[in-house]
Amino acid sequence: MAAYEELVRRHQQAALRVATLVAGADTAEDAVQEAFLKAYGALKRFRSGSSFRPWILKITANEARNKIRSTRRHSAIELRLAAGRPSGDAAPLPEAVVLEREAGEGLVAALSRLSERDRLVICYRYLLDLTEAETAEALGVRQGTVKSRLSRALARLRTELDSSVDRGETDD
Amino acid sequence: MTDRRAMGDLERALRGLGEQMAHPQAPGMAEAVGRELRTGSGRTAPRRVTWPRRRLLAVVVAGLLLLAGTAEAARLVIGAIAIDVLPGPPPSTVPETGPDLGSRVTMGAARTAVGFQVLVPQGMGEPDGVFVDGGRVTLVWRSGAELPRIAGTPWGLVIVELRGDAVIAVKEMTEGTAIDSVHVGSASGFFIAGPTDLLLAGGRRLSVPGDVVLWQRGAVTLRSESLLSKADALRLAASIS
């Protein structure tokens, strides 16, 4: 049991990010805890030699989806930046901090407008830095499908970002 | 700004977003998960009782556990077979017959296919059929003077053997089914009298008309089905080696 608790510690942050992206922050913790409990019951089916992370993330995404279905929630997921501290080692200028935060907020807002499918593949490859093979495993698809799915997701994200910039210019 | 540069900037921004995106921190989640798994506090249904291979976990009291109209679902696990106790009547299903038992093979081929020594009861002679389906081997004996025929089948005795702790078959029990905690030789097991269904991996559901003895011997889970009396069924099961 102690070994499994250590596995939970090691992977819970990644799982919480995935659950937040699929079902929102309100439901994420519950979905992740349920996922780890179910994963424990299925451990004997886990292929030894495989990576645990894509496997638990797949279970987590399924649990998060179940939570949405059970609450009949159909509204868009709201994603936010954490209360701000700038990234990087050197202390940036205040203006740079503001600009960076605005860009980040724009990016999460655009991400939240994408479909769950697009959000997930982007999350796995960029936010969680999984390899293509790990992403394929977490999504339950072939590696080739990851490439094409990611390319389309990024294109749609770019469209969302460009259209939000256009709306900002119009508002001026 | 070219498209490629713009896409490169976007990818860099996404990589930086991982640490910045708000999500619950959930301190103490590992401990909470550990606690739920240790205490089985009911977050995941049904309630589960497991029998470790080497030690008896005395959660089910010895004696007759009659399940009639119970509103509570429960699960007992012995090796690779779980017994789900469900409220309500079972769905109507197909009784086990030859084609559903798997591919007919020789005893030697069965040993090779499942990777464990296939056990047989003493005094019954060679089985009339040996079938393999995945990690499961099924031995059958035709009905006769000393083996009453199991309804819907030509068999008087059906023995199923599976290896491993992962549950790969589930017996669903409902109203009117009785389950006894028993000993088969030195091993602990269950005697189940009454209608049950067997739910196999892949979703196939089979009706089990006979009474069943379930127990483990080492890494192998055994299930013996017949219409013998309980005493005779347990004597036969204990002879399997």
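Everything that follows concerns the structure shown earlier in this document.
Before going into details, it helps to say that this report is about the structure given with it. In this text, all values refer to a predicted model and were calculated from it rather than measured experimentally. (Residues numbered from 1 in each chain as written. Chains lettered and ligands numbered in written order. Predicted model: local features only at pLDDT ≥ 70, side-chain atom pairs only at ≥ 80, totals over all residues. Heavy atoms only, no water.)

## As for the packing of helix α1 (residues 2–23) of chain A against helix α5 (residues 116–127) of chain A
All names here are of chain A. Running from N to C, α1 and α5 point in directions that differ by 160°, and their axes come no closer than 9 Å. The angle between the axes of α1 and α5 places the two elements in the roughly antiparallel class. At the point where α1 passes α5, the crossing takes the right-handed sense. Only Glu116, Arg119, Leu120, Cys123, Tyr124 and Leu127 of α5 make contact with α1, whose side of the interface consists of Val18, Leu21 and Val22. Looking at the contact of α1 with α5 residue by residue, the class counts come to 7 nonpolar, no polar and 2 charged. (Axes fitted to C-alpha atoms, helices over the stretch in contact; angles between N-to-C directions. Helix = DSSP H or I, 4+ residues; strand = E, 2+ residues; numbered from the N terminus. Parallel < 35°, antiparallel > 145°, perpendicular 65-115°, else oblique. Left-handed = near helix turned anticlockwise from the far one by under 90°. Contact = heavy atoms within 4.5 Å. Nonpolar A, V, L, I, M, F, W, Y, C, P; charged D, E, K, R; others polar.)

## Describing the environment of Ala153 of chain A
Residues and elements named next belong to chain A. Checked against the element boundaries, Ala153 lands in helix α7 (residues 143–171). Taking the relative accessible area as the measure of exposure, Ala153 reaches 0% and is therefore buried. C-alpha separation for the pair Ala153 and Ser115, spaced 38 residues apart in sequence, amounts to 8.8 Å. Residue contacts for Ala153: discarding those within four places in its chain leaves Leu114, Asp118, Val121 and Ile122. (Buried < 20%, exposed > 50% of the residue type's maximum accessible area, 1.4 Å probe, protein only.)

## A word on the nonpolar core
The biggest cluster of nonpolar side chains holds 60 residues, and the ones touching the most others in it are Val18, Phe36, Leu57, Ile122, Tyr124 and Leu157 of chain A together with Leu14 of chain B. Of all the elements, α1 of chain A adds the most residues to this core, at 10 residues. In this structure Leu157 of chain A touches Leu107, Ala110, Leu111, Leu114 and Ile122 of chain A together with Leu10 and Leu14 of chain B, once residues within four positions along its chain are discounted. Listed in part, the 28 residues of the second largest apolar core include Val130, Trp141, Ile159 and Ala237 of chain B. (Core = buried A, V, L, I, M, F, W, Y, C linked by side-chain atoms within 4.5 Å.)

Shape descriptors only; they carry no functional weight alone.
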